[in-house]
Amino acid sequence: MFETIIGLEVHAQLNTKTKLWCSCATSFGEKPNTNICPTCIGLPGGLPTINIEAVHKAIKLSSAIGAKVNQKSMFNRKNYFYPDLPTGYQISQFEVPVVSDGFLDIEVDGHKKTIRIQRAHLENDAGKNIHDGNHSKVDLNRAGTPLLEIVTHPDMRSSDEAIAYLKKLHQIVRYIDISDANMQEGSFRCDVNISIRPKGETKLYTRCEIKNMNSFKFIEKAINYEVDRQIQAWEDGLYDKEVVQETRLFDINSSKTVSMRGKEDAADYRYFPDPDLLPLIISDEMIKQHKDIPELPQAKKERFEKSFGLKKDEIELLTVTKDMANYFEQMLSFGASAKIASSWLCVELLGRFKDGQNISSSPISAKKLAQLVCSIEDDKISGKAGKQVLDFLMTSDMEVEDAISKLGLAQISDDGAIVELINNIIKEHEDKVTAYKNGKDKLFGFFVGEVMKASKGKANPKTVNKLLKIALQG
């Protein structure tokens, strides 16, 4: 029996407007090699200057993960050559990171566990290689984009634990608004370090690193494959030959990890202090000014459960993003009750999204959905009619009351009008009235149906039931 050892290095692109060392824009999707300057493409004389907003965002992360801010840290040159790194080195932090000694609590299958975060350090991103047939191209727009590399201790023991940690961290960096964390754009990507050992041993064996993963699904598959590969090598007596310290890639077509290159040690990077940058000094005042963060997902979940009595799966969906949680709470501020607001938001509204729509781009505002929900709760329209109104509002910019009026869906709640309908139905079906009074209780549903049919579905069902019972007892 073997134990899996997993440590993660997450690279979160910070959502600053400009790069880490220069004033070039960080906007995604621009024409290749347009957001560049002498500094970010490594031309002589292009000197780096720290983007202080990136430091502020690092301080916010320290608050979110219960970590320490190191008030004096250094920037180092990490030397290596790749086509997308025009300087020939990356400016990173080696001996002392800006943030250290944090943690995140995760839960897997009802079991809670604390994952220790060793450090989070600032560094610049490299460019991007684009492989086009027999040619490779380099886009340097991304070169110099600020990253926080968030490094755990090797505390995870399964792919489930790794994914739980990554999803929680992904959610947090979005909640505190330090990164958009769009995985498809590479704004939140992960290097996975994996080794195995016989159960009961404490020694750490050779680790392999799976590089640049940006999909939860593929990270899970890559971990499971790599663990199986290492276990098989051990059992076949080939561990020392087949499991070496190296960097591997995950092939999504074969669902296998493949060797990319030998894994460097720190000494191979020839770290030394960057001569163009002074030590980073963070004052008490700066920490005080930027340590405050919004309510985190876990605290929000606990508050929603305590305050609104919602089910766990509802709460998970309502808090999946800060925008979703804010939308829900805005609905409550406009008078909707929590349970029906949750249902109409999570089931009805989200169920109508298509073509990449999300809560941030919803064509229906929280105020408008709350007004629709309140119309149902106040018996102005039925739940069925509410769905018709919602369908209409998805493509029409109209107020809720105007939509109800245009569609002719307002309920008849006036007692006098409903009593008149009931009396007419009773007169038309005197034989069934007699049968009902003689014990055929199931005929009550027949009378309800006839009244609703006579009102063209507009009569308030609650009022119909109440008045019909009175009339049939007479």
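Presented here is an overview of the structure given in this document. (Residues numbered from 1 in each chain as written. Predicted model: local features only at pLDDT ≥ 70, side-chain atom pairs only at ≥ 80, totals over all residues. Heavy atoms only, no water.)

## Notes on the side chain of Asp-274
Here is step 1: Secondary-structure assignment places Asp-274 in the loop between strand S15 (272-273) and strand S16 (280-281).
Here is step 2: Residue classification places Asp-274 among the buried positions, given a relative accessible area of 3%. (Helix = DSSP H or I, 4+ residues; strand = E, 2+ residues; numbered from the N terminus. Buried < 20%, exposed > 50% of the residue type's maximum accessible area, 1.4 Å probe, protein only.)

## Overview of the packing of helix H9 (residues 338-349) against helix H11 (residues 383-393)
Here is step 1: Running from N to C, H9 and H11 cross one another at 55°; their axes reach a closest spacing of 12 Å. Between H9 and H11, the crossing angle belongs to the class labelled oblique. In this structure, H9 meets H11 at a crossing whose hand is right-handed. Each of Trp-344, Glu-348 and Leu-349 in H9 lies in contact with H11, whose residues at this interface are Gly-383, Gly-386, Lys-387 and Leu-390.
Here is step 2: Among the residues forming the contact of H9 with H11, the class breakdown is three nonpolar, two polar and two charged. (Axes fitted to C-alpha atoms, helices over the stretch in contact; angles between N-to-C directions. Parallel < 35°, antiparallel > 145°, perpendicular 65-115°, else oblique. Left-handed = near helix turned anticlockwise from the far one by under 90°. Contact = heavy atoms within 4.5 Å. Nonpolar A, V, L, I, M, F, W, Y, C, P; charged D, E, K, R; others polar.)

## Structural notes on the side chain of His-121
Here is step 1: Relative to the helices and strands, His-121 is located in strand S7 (residues 111-124).
Here is step 2: A polar contact of 3.1 Å, which involves the side chain of His-121, links it to the side chain of Arg-119.
Here is step 3: Among residues more than four places away in sequence, those in contact with His-121 are Ser-92, Gln-93, Pro-97, Val-98, Leu-147, Leu-148, Glu-149 and Val-151. (Polar contact = N/O pair within 3.5 Å; in protein donor to acceptor, adjacent residues only side chain to side chain.)

## Details of the environment of Val-69
Here is step 1: Among the secondary structure elements, Val-69 is positioned in strand S2 (residues 68-69).
Here is step 2: As for Val-69 and Ile-106, which are separated by 37 residues in sequence, their C-alpha atoms are 23 Å apart.
Here is step 3: When sequence neighbours within four positions are dropped, the list of residues in contact with Val-69 reads Ile-59, Ser-62, Val-98, Ile-282 and Ile-287.

## What to know about the environment of Val-227
Here is step 1: Position of Val-227 among the secondary structure elements: in helix H3 (residues 216-235).
Here is step 2: Since its relative accessible area comes to 10%, Val-227 is described here as buried.
Here is step 3: Expressed as a C-alpha distance, the spacing of Val-227 and His-56, which sit 171 residues apart in the sequence, is 38 Å.
Here is step 4: Residue contacts for Val-227: discarding those within four places in its chain leaves Thr-4, Ile-194 and Ile-196.

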